[in-house]
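Per-entry structural report
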Amino acid sequence: MLIGLLRKISTVSLSAAFLASPTLTLAQDEAAPGPTALVQTIATQSIRPSFTHPARIEALNTASIRPTVQAQITAMHITAGAFVEEGELLVEMDETHYRIALAQAHAALKQAEAAAIKADLDLDRATQLSQSNTVSKREVEYAQAQADVAQAQVDVASAQIAQAEEDLADTKVYAPFSGRISAPQYSVGDLFTVGDPTQIGYIATIVSLDPIYAVGLVDQSNYFGFLAKRLEIEEAGGSIPPLELEAILPGGEVYPEKGTFENWDNTGVASTGTIAARVLFPNPNGLLLPGQNVTIRGQVIEPVQAPLVPQRAVSLDQQGHFVWVVGDGDVVERRNITVGVRNGADWTVTEGLADGERVVVEGLQRMRPGLAVTPQPYDS
């Protein structure tokens, strides 16, 4: 029994010594495979980079139809939702008061002109008498002042006629531009009072439809990034590739007319950190209406030749964008890159990668320089 126990102890000790052998441990480490890394091989492709962004339709011109005079409405030529032409008669108002005011202004002008004639005659007589020293110089000056006052009254009366004529003309309200008009807020017989806070301040609203804006709110960081990229391209002697801009309607249908980028807004929105970008679309049939939601899709017109890398493979730190590249011996190295425009779920790469190189797409958290990995193809 003692002999058997000694044999067991000897066997255990021998096994422990054998497992602790540095040579065996090293052999096992060399045989162990590295962590699996899903990789994609870089290849230059012919692409048309594109983007989509939500937008809202807005009219170029919006106006409230509001008379500038107070009067009773006598005729209304407004059909809700109808298209009206510039200069089309929309509202007629009672002219009686304004015709009377115009007649009074003409009468006041005649009275002022008669007074001016009399003042001129008095001035002529005073001037003649002063030559024979019959009247004093002061009386001549007084007669001159009276003539000047009379002429001023003539000018005032003429201005009153112009004002009365304008007020009379304002009893008819015309469309300021062509567009679609809303339902009227007043009816025939209603009294429209200018500046009355107890009343609706306008009769109807009109919006222009052709052309029309699609306005998208762009994150300000993307806006500044776009400006920086454009400056970089221009300084390098290049140019921004022209875009084909389309509007996708809520049902998924593509609007038939192409758009053109118009401008950025002159101010940003501090509360949302965005800035508005406007795309101008022809709208000859009035299909697009203010307030509608659409999606703007932009696509480069001419194909671009560029290597592509999945966005999920690209990391960013203080040094900039970088990827993990699997090189010779399946060893990982960090590679700083310069990214270009997006193409769906990929970035174009302008510097840092060449065709045939393998980039790690998944398992980025485990990567470090010099790590040996077991690369497997990434299936998107």
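Structure: see above.
Structure report, in brief. (Residues numbered from 1 in each chain as written. Predicted model: local features only at pLDDT ≥ 70, side-chain atom pairs only at ≥ 80, totals over all residues. Heavy atoms only, no water.)

**With respect to the side chain of Ser-208**
- On the secondary structure map, Ser-208 appears in the loop between strand S11 (204-207) and strand S12 (212-219).
- In this structure Ser-208 touches Ala-59, Leu-60, Asn-61, Phe-177, Ser-178 and Gly-179, once residues within four positions along its chain are discounted. (Helix = DSSP H or I, 4+ residues; strand = E, 2+ residues; numbered from the N terminus. Contact = heavy atoms within 4.5 Å.)

**Side note on the sheet that holds strand S22 (residues 346-351)**
- One open sheet holds the 4 strands; their spatial order is S2-S17-S22-S21, and the pairing between them is antiparallel. Whereas interior strands pair on both sides, the edge strands pair on one side only; in this sheet they are strand S2 (44-47) and strand S21 (338-343). Put simply, the sheet's adjacent strands are angled 55° from each other on average, direction ignored.
- When S21 meets S22, the two strands line up antiparallel, connected through 4 bridges. Bridge pairing links Val-339 to Val-349 in S22. (Pairing = 2+ DSSP bridges. Axes fitted to C-alpha atoms, helices over the stretch in contact; angles between N-to-C directions.)

**Some words on the environment of Asp-94**
- Considering the arrangement of structural elements, one finds Asp-94 in the loop between strand S7 (89-93) and helix H3 (96-131).
- For Asp-94, a relative accessible area of 30% puts it in the partly exposed group.
- Those residues within four positions of Asp-94 in sequence are excluded, and the remaining contacts are Ala-71, Gln-72, Thr-74 and Thr-171.
- Of the polar contacts made by the side chain of Asp-94, one reaches the side chain of Thr-96; its length is 3.0 Å. (Buried < 20%, exposed > 50% of the residue type's maximum accessible area, 1.4 Å probe, protein only. Polar contact = N/O pair within 3.5 Å; in protein donor to acceptor, adjacent residues only side chain to side chain.)

Scope: geometric values only; no functional claims are made or implied.
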